[in-house]
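Listed below are the residues making up each chain.
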Amino acid sequence: MTELPLSIAVETPADDGAIDRLHERTFGPGRFARTAFRIREQTGHERALSFTARVGTMLVGSVRLTRVHIGATPALLLGPLTVEPPFQSVGIGAQLMEVALEAARTAGHGLVVLVGDEPYYARFGFRRVPAGRVTLPGPVDPARLLVAELAAGAADGLAGMVSP
């Protein structure tokens, strides 16, 4: 396949409309009922840790990080990570993940939590949260609750409710 002329940049307020439309196309109206969305809607995401992917001038992907707490432990909630369907499976999501996680690490954050598929996110250092240690304020499949340490030991003793 021909390499795409991809550019990744920090999200700006000018990106909001295009990102909202991308989320609508990729997740549909059901996104509003998801537990992770309900947490994110209570607080703004961190623009400095949120990124867009473009092919030319066309927005084709986005990832956002939002400050949360897990019990008393500060963390970031990753998501949504989304890529336009015609551009999926060519590494755009992986590039967005790598840039966002490195930015979070550089900014001094120690922990990232997400709700997602372990087979995909494991390559970025995410692993399942031990059953019953971390909860969300709504239904979540425990096998999909994942955490990554950006600093060694950041998840030691992690327990509690994820909250904004």
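These lines cover the structure that appears in this document, whether it is placed above or below. (Residues numbered from 1 in each chain as written. Predicted model: local features only at pLDDT ≥ 70, side-chain atom pairs only at ≥ 80, totals over all residues. Heavy atoms only, no water.)

### Brief notes about the overall build of the protein chain
Along its length, the protein chain carries four helices and nine strands. Going from N to C terminus, the protein chain has its helices and strands arranged as β-α-α-β-β-β-α-β-α-β-β-β-β. Here the protein chain has a C-alpha radius of gyration of 15 Å; the compact-globule value for 164 residues is 15 Å, and the two agree. Buried positions account for 41% of the 164 residues belonging to the protein chain. Partitioning the intrachain contacts of the protein chain with sequence separation of at least 6 by distance along the chain shows that 70% fall at a separation of at least 24. Carbon and sulfur atoms make up 54% of the accessible area of the protein chain, which totals about 8,200 Å². A distance of 3 Å separates the average location of the 16 positive side-chain charges in the protein chain from that of its 16 negative side-chain charges. (Helix = DSSP H or I, 4+ residues; strand = E, 2+ residues; numbered from the N terminus. Rg over C-alpha atoms; globule rule 2.2 N^0.38 Å. Buried < 20%, exposed > 50% of the residue type's maximum accessible area, 1.4 Å probe, protein only. Contact = heavy atoms within 4.5 Å. Areas by Shrake-Rupley, 256 points an atom, 1.4 Å probe, with all protein chains shown as cover. Lys, Arg positive; Asp, Glu negative; His and termini not counted. Charge placed at Lys NZ, Arg CZ, Asp CG, Glu CD.)

### Examining the packing of aromatic side chains
Scanning the model with the defined rule gives three aromatic pairs in all. Taken together, a centroid distance of 4.9 Å and an interplanar angle of 85 degrees make the contact between Tyr120 and Tyr121 edge-to-face. Relative to Phe126, the ring of Tyr121 lies with its centre 6.0 Å away and its plane at 70 degrees, an arrangement referred to as edge-to-face. Its relative accessible area of 12% is what places Tyr121 among the buried residues. One aromatic cluster in this structure is built from Tyr120, Tyr121, Phe124 and Phe126. (Phe/Tyr/Trp six-rings, centres within 6.5 Å; stacked < 30°, edge-to-face > 60°.)

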